[in-house]
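Report on the structure
The lines below spell out each chain.
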Amino acid sequence: MPRGLTDMPVAPLLGLLAQPRAVGEQSALRVGGPHAARIGELWNLMLWLGLAATVLTFALLAWALLRRRRPDELPPEADRPADPRGERTNDESGGRGRAGRGRPASERRGARWVVAGGIVFPTVVLLVVLVATLRVLGAVVAPANALAAPDAAPRADELAIEVVGRQYWWEVRYLDAEPARIFETANELRIPVGRRVLLRLRSGDVIHSFWVPGLQGKMDLVPGRVNVLSLQADRPGVWRGQCAEFCGVQHGKMALTVVAEPPQRFAAWQAAQRAEPAAPADSARLADRAAFLGSGCTLCHTVRGTLARGRLGPDLTHVGSRLTLAAGTLPNSPGNLHGWIADPQAHKPGSLMPPVPMTTAELHAIARYLITLR
Ligand code: HEC
Ligand SMILES: [Cu+2]
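So, how was this worked out
Residues numbered from 1 in each chain as written. Chains lettered and ligands numbered in written order. Predicted model: local features only at pLDDT ≥ 70, side-chain atom pairs only at ≥ 80, totals over all residues. Heavy atoms only, no water. UniProt positions renumbered as here; feature names shortened; annotations may be inferred. Helix = DSSP H or I, 4+ residues; strand = E, 2+ residues; numbered from the N terminus. Phe/Tyr/Trp six-rings, centres within 6.5 Å; stacked < 30°, edge-to-face > 60°. Lys NZ or Arg CZ within 6 Å of the ring centre and 35° of its normal. Donors = N, O, S within 2.8 Å, 3.2 Å for Na, K, Ca; no water. Tetrahedral: all angles 85-135°; square planar, octahedral: opposite > 155°, others 65-115°. Buried < 20%, exposed > 50% of the residue type's maximum accessible area, 1.4 Å probe, protein only. Core = buried A, V, L, I, M, F, W, Y, C linked by side-chain atoms within 4.5 Å. Contact = heavy atoms within 4.5 Å. Pairing = 2+ DSSP bridges. Axes fitted to C-alpha atoms, helices over the stretch in contact; angles between N-to-C directions. Salt bridge = Lys/Arg side-chain N within 4 Å of Asp/Glu carboxyl O. Near = heavy atom within 4 Å. Polar contact = N/O pair within 3.5 Å; in protein donor to acceptor, adjacent residues only side chain to side chain. Nonpolar A, V, L, I, M, F, W, Y, C, P; charged D, E, K, R; others polar. Domains from an automatic or database assignment. Patch = residues over 30% accessible without salt bridge, like charges linked within 9 Å, V, L, I, M, F, W, Y side chains within 5 Å. Areas by Shrake-Rupley, 256 points an atom, 1.4 Å probe, with all protein chains shown as cover. Lys, Arg positive; Asp, Glu negative; His and termini not counted. Charge placed at Lys NZ, Arg CZ, Asp CG, Glu CD. 1 Å grid on protein atoms, 1.4 Å probe; cavity = no way out; pocket = protein on both sides within 12 Å on 5 of 7 lines; lining within 4 Å. Points joined across faces, edges and corners; volume = space filled by probe spheres on them.

If you check an unreviewed UniProt entry, the protein appears there as cytochrome-c oxidase from Roseisolibacter agri. Per UniProt, the protein carries the Subcellular location (unreviewed entry) text "Membrane".

Okay, here's the thing in structure tokens:
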């Protein structure tokens, strides 16, 4: 991670919504990898085709409105499309039939414009877009993969991550053929630069949608189903993603962060995440940990290597190393951690973490302990 928390670019729109500083870029137009690049090409094609069709339509409209016919351009009386049902003459054909050579030239020209502009032109444009869309879909979709089975382990040469959507956070599990090497984190995906990563997407409750616009298109997380998505970043960076399917009151604060790092840094991070946190080095730290283990937090949270084994909330084993708290709601800082533990409902009303009654001393001890979990 080359940049510190404080100089992350702020997603402009989020700034307007008076959110705290966002971590990472969230734009489909700031492309970070091959899938997003293909989607970006499609976006550009649609933009330019749409723009050209709009300009053409308005130009024709302006031409039709501004054009004045010179008197000698007006069709002679006999050439006007009058009286088609023969009301003025007794002739059934009205003097000339509706179709064929008897029709006035101006009307035939008009009909040709309607067919060309109203049928041929949109059909051609939409066909071009359809073919381009199908090709892009084929290019960004994950290859048929054994991971689509709920319990399948990844092959040795695959990097596979299981992402489970929960109200309102992301459970993240790095899969491995060897169970002892599996580890869990939350709301943050680290991936090595230049490598295709497979995501197994599931839901723990309702339908969510995984969307990191700078890297890939959307994919739903559906209860009882497994969807596989591939993800790749071609440069180091931090991208912000967002749940893209309304899933409840705090849907808007269900963000995630993707951090792409050079392979060696990624490997070091992975090794650190697999390890259990270091045991407290002195009695003060031991007391901090005891405050956490003695609190209600352990009902919902796991810290590997301790008796905290709760499964309702994010795994906190290495919470101190994450960039954000509560699914992108707050940048991870000691102050925000205190604030979150003291009153989660103030930051994310309706989130499934209740305020836990405790003294100020306990709050400080618990926060001190969590900060050491790096
Ligand atoms: C009833 C279950 C429950 C209890 C009890 C609980 N939490 Fe949570 N906690 C959650 C849930 C659910 C979330 C995810 C909230 C969200 O982002 O919407 C969460 C999120 C968190 C996070 C943010 C983690 C991250 O990676 O974003 C921290 C830190 C945390 N809890 C600490 C604590 C502490 C400390 C206590 C005890 C004082 C505690 N929790 C008690 C359920 C619980
Ligand atoms: Cu959601």
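From this point on, the discussion continues.
Moving on to the UniProt feature "transmembrane region" (unreviewed entry) in the protein. According to UniProt, the positions carrying the feature "transmembrane region" (unreviewed entry) are residues 48-66 and 113-137. Along residues 48-66, the helical share is 100% and the strand share 0%, with 27 Å between the first and last C-alpha atoms. Taken end to end, residues 113-137 comprises 100% helix and 0% strand; its first and last C-alpha atoms sit 34 Å apart.

Applying the stated criterion to the full structure yields six aromatic pairs. Each ring, one from Tyr174 and one from Phe183, has its centre 4.7 Å from the other, and the planes form 10°; the classification is stacked. Here the guanidinium or amino end of Arg67 rests over the ring plane of Trp63, the centre of that ring lying 5.1 Å away. Sitting over the face of the ring of Trp211, Lys218 holds its NZ or CZ atom 4.5 Å from the ring centroid.

A separate point is the coordination of the copper ion (ligand 2). Each protein donor to the copper ion (ligand 2) is listed here as His208 (ND1), Cys243 (SG), Cys247 (SG) and Met254 (SD); together their distances run 2.1 to 2.6 Å. What the four donor atoms of the copper ion (ligand 2) show is an angle range of 92 to 125° at the metal, which sorts the shape as tetrahedral. By relative accessible area, which is 2% here, Cys243 ends up buried.

The next point concerns the nonpolar core. One finds Ile161, Val163, Trp170, Leu189, Leu199 and Phe210 to be the most contacted residues of the largest nonpolar core, which totals 30 residues. Secondary structure elements with two or more residues in this core: strand 1 (159-166), strand 2 (169-174), strand 4 (188-192), strand 5 (197-203), strand 8 (227-231), strand 9 (237-243), strand 10 (255-261) and helix 4 (263-274). Setting aside residues no more than four positions away along its own chain, Ile161 makes contact with Val172, Arg173, Tyr174, Leu175, Leu189, Arg190, Ile191, Val197, Leu198, Leu199 and Arg200. Listed in part, the 19 residues of the second largest apolar core include Leu337, Trp340, Tyr369 and Leu370.

Another point: the sheet that holds strand 8. As summarised here, the arrangement of the five strands in space is 3-2-1-5-8, forming an open sheet in which the pairing is mixed. If you trace the sheet from one side to the other, it starts and ends with strand 3 (183-186) and strand 8, each paired once. Strand-to-strand, the axes of this sheet are offset by a mean angle of 25°, without reference to chain direction. Of the pairings in the sheet, the one linking strand 1 to strand 5 comprises seven bridges and is parallel in character. What sits directly across from Ile161, in strand 5, is Leu199.

Time to look at the pattern of salt bridges. Counted under the stated rule, the structure contains 18 salt bridges. Among the salt bridges present, the one from Glu162 reaches Arg173, with a minimum N-O distance of 2.3 Å. Here Glu162, found in strand 1, pairs with Arg173, found in strand 2; they are 11 residues apart in sequence, far enough to count as distant. On the accessibility criterion, Glu162 (4% relative accessible area) is buried.

Our focus in this paragraph is the site of ligand 1. Not every one of the 27 residues close to ligand 1 is listed here, only the nearest: Cys297, Cys300, His301, Ala326 and Met353. In this structure, an oxygen atom belonging to ligand 1 sits 3.3 Å away from a side-chain N or O atom of Asn187. A distance of 2.8 Å is found between an oxygen atom of ligand 1 and a side-chain nitrogen or oxygen belonging to Lys348. Elements supplying a minimum of two residues to the shell around ligand 1: helix 6 (334-342) and helix 8 (360-372). The leading source of residues in the shell around ligand 1 is helix 6, at three residues. In terms of residue class, the shell around ligand 1 is made up of 20 nonpolar, five polar and two charged. Of the residues that make up the shell around ligand 1, three or more belong to each of domain 2 (146-274) and domain 3 (283-372).

Turning to a positive patch on the surface, a few remarks are in order. A cluster of basic side chains, namely Arg67, Arg69, Arg108, Arg109 and Arg112, defines a positive patch on the protein surface. Within the element layout of this structure, Arg112 appears in helix 3 (residues 105-140). By relative accessible area, Arg112 is classed as exposed at 56%.

This part covers unusual backbone geometry. Cis peptide bonds are those with omega within 30 degrees of zero, and the linkage from Gln167 to Tyr168 qualifies with -5°. Here the phi dihedral of Ala326 falls at roughly 55°; this positive angle occurs in a residue that is not glycine. Owing to a relative accessible area of 16%, Ala326 belongs among the buried residues under this scheme.

It is worth spelling out empty space enclosed by the protein at this point. To find leftover empty space, one rolls a probe the size of a water molecule over the atoms. In the structure shown here, the tally under the stated rule is one cavity of 30 Å³ or more. Of the pockets and cavities examined, the largest cavity occupies roughly 60 Å³. The wall of the largest cavity is formed by Trp169, Glu171, Glu184, Thr302, Gly310, Arg311, Gly313, Pro314 and Asp315. Considering only residue class, the lining of the largest cavity consists of two nonpolar, three polar and four charged. Both domains that meet at the lining of the largest cavity, namely domain 2 (146-274) and domain 3 (283-372), each give it at least three residues.

Of the protein atoms, only His301 (NE2) and Met353 (SD) coordinate the iron atom of ligand 1, at distances of 2.0 to 2.1 Å. Taken together, the six donor atoms coordinating the iron atom of ligand 1 and their angles of 86 to 179° define a geometry best described as octahedral. In this pair, His301 is assigned in the loop between helix 5 (283-293) and strand 11 (324-325) and Met353 in the loop between helix 7 (344-347) and helix 8, connecting sequence segments 52 residues apart. Both residues of the pair, His301 and Met353, count as buried.

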